[in-house]
Amino acid sequence: MGGASGAPGSGASGRAGEKAVVERRLHPVTPLRRAWAPVAVLIGWAVHDPDGTQRQLMRLDTTTLLIGLAVFVPAAALYGFLTWWFTHFAVTDSELRIRTGLLFRRTVHIRLERIQAVDVTRPLLARIAGVAKLKLDVVGTDKKDELAYLGEAYARSLRAELLARAAGFAPETAHEVGEAPVRELLKVPAGVLAVSLVLTGATWGTLVAAVVVPSVLWFATGSVWTVLATGLPLLGAAGASSVGRFVGEYDWTVGESPDGLRIDHGLLDRAHETVPPGRVQTVRVVEPLLWRRRGWVRVELDVAGSSNSVLIPVAPREVAESVIARVLPGVSVPDTAVLIRPPGRARWCVPLWWRGYGLAVDDTVFAARNGLLRRRLDLVPHAKVQSVRLSQGPWERHKGLADVHVDTGANKTVTARLRDAAEAAELLRAQAERSRTGRREARPDRWMA
């Protein structure tokens, strides 16, 4: 393994007869980040009880405040230094080991074969300092373990080594594999992203509320201050939501490599994420009402053991379908004309909105559509179905209808609403068999195929 940006640890550790394991520290800039923890505690206390904070500060004179700062600032710096000094990590033949803690020691053992994705993120200040954060998705855990911060070049090198080791490369050759090559599949233009955000229903809903609510309050109260106190936060919320998404999804690029799909995005904070192959449980194609004339869609994911949830923020439907084909090999997105609507009597259960439901099942995928204004098509490969359930409410039972629920490995459920009861019973039986067959024939989930 190449040299880390931080200084090496105090030595090597390991049991007798085993290869010595070299422990390393994080980048030397890390103490500056850790030193903010005591400051954050004080800020949190002040926000929680602002009146009490103000009373306490009023009792202190200038000399006492200066003495307090003279003690607190070095103490925060010392805390940051000690937490950095007592944090080590090492890559052994079988695991990534992270040791932390000054008084209470904590050691995390992450088995390399259970690593599903390794993401490199670079917040704005980290980019300025030339460092990066390494986040790891591990099977069986919801929370990401992380190494923050590492030198940017070393973070990419370590990511490549961990993925190579997870793919089964020998320890002595894994560090020589290097970063896997990437073939670009999609790049979202900034102009298209900006227009898509303007055409999002949530943005227009907030803007309409910002106009209607203050107008109603003006006629009811006649108070300018009430109008401003209500309208400005609503306008701010609409702007903040759109600007926040634009900043986060700026320069969105999707590439294909042997270790999965690579996603790079961000204007201020850059993120380098990986969608691990074979771990995608559901692909969701979202089609807002105002996007349909332009033929745009948004693609979201449910990934087992990973928090990655967006594959494409906006793209033409044909381009999105070509990328989906790389995520789910052999699966095609069913056309709207293929989807089978519920029977007409479903209108008595869900008036008008029943027209938004649809179902299509073929040899590879279970596809269910929901929504009338904001259409959502969920695609679940048969091999990813964990269980199938049928449910009927009293009114559905009276109308001879039923819902079929498909549960996936990402603890999510896709539902085919308001199907004919006989059709639902047959679908339940057939889907259970398709799922068993799909799991037997599924390819192994491996990198570097």
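Residues numbered from 1 in each chain as written. Predicted model: local features only at pLDDT ≥ 70, side-chain atom pairs only at ≥ 80, totals over all residues. Heavy atoms only, no water.

Caption draft 1: Quick look at the sheet that holds strand β17 (residues 365-370). Taken together, the 6 strands give an open sheet; going across it, the order is β15-β14-β13-β18-β17-β16, and neighbouring strands pair in antiparallel fashion. Sheet topology places β15 (310-316) and β16 (358-361) at the edges, where each strand pairs with a single neighbour. Going from strand to strand, the sheet's axes swing by 15° on average, the running direction of each strand aside. The pairing of β17 with strand β18 (residues 375-381) spans 6 bridges and is classified as antiparallel. Across the sheet, residue A367 finds its bridge partner in β18, namely L379. With respect to the sheet, helix α13 (residues 421-441) is in contact with β16 and β17, its orientation differing from that of β16 by roughly 40°. (Pairing = 2+ DSSP bridges. Helix = DSSP H or I, 4+ residues; strand = E, 2+ residues; numbered from the N terminus. Axes fitted to C-alpha atoms, helices over the stretch in contact; angles between N-to-C directions. Contact = heavy atoms within 4.5 Å.)

Caption draft 2: Spatial organisation of the pattern of salt bridges. Evaluated as defined, the whole model comprises 25 salt bridges. Residue K412 pairs with D302 through a salt bridge whose shortest N-O separation is 3.3 Å. Of this pair, K412 sits in the loop between β20 (401-408) and β21 (413-420) while D302 is found in strand β14 (residues 296-303), placing the two residues 110 residues apart along the sequence. A relative accessible area of 6% places D302 in the buried class. (Salt bridge = Lys/Arg side-chain N within 4 Å of Asp/Glu carboxyl O. Buried < 20%, exposed > 50% of the residue type's maximum accessible area, 1.4 Å probe, protein only.)

Caption draft 3: Quick peek at α13. Look at α13: 30 Å from first C-alpha to last across 21 residues, which is about the 30 Å you get at 1.5 Å a residue. For α13, the elements touching its buried residues are β16, β17, β19 (385-391), β20 and β21. Measuring from the backbone nitrogen of A422 back to the side-chain oxygen at the start of α13 gives 3.1 Å, which picks out D420 as the cap. (Expected span 1.5 Å × (residues − 1). Polar contact = N/O pair within 3.5 Å; in protein donor to acceptor, adjacent residues only side chain to side chain.)

Caption draft 4: Broad picture of the side chain of T92. Tracing the sequence through the fold places T92 in the loop between β3 (88-91) and β4 (95-100). For T92, a relative accessible area of 8% puts it in the buried group.

Caption draft 5: Spotlight on the nonpolar core. Of all hydrophobic cores here, the largest spans 37 residues; its most connected members are V283 and L311. Elements supplying a minimum of two residues to this core: α8 (190-198), β11 (260-265), β13 (280-287), β14, β15, α11 (317-327), β17 and β18. Leave out the neighbours within four places in its chain, and V283 touches V299, E300, L301, I324, V327, L328, L377, D378 and L379. Counting residues in each nonpolar core, the second largest holds 23 residues, with L134, L136, Y154 and L158 among its members. (Core = buried A, V, L, I, M, F, W, Y, C linked by side-chain atoms within 4.5 Å.)

Caption draft 6: Geometry of the confidence of the model for the chain. Put simply, the chain has an average pLDDT of 82, and 84% of its residues get 70 or more. Every residue in residues 1-18 scores below 50 in pLDDT, and together they form 37 contacts with partners more than four places removed in sequence or on other chains. (pLDDT = per-residue confidence, 0-100.)

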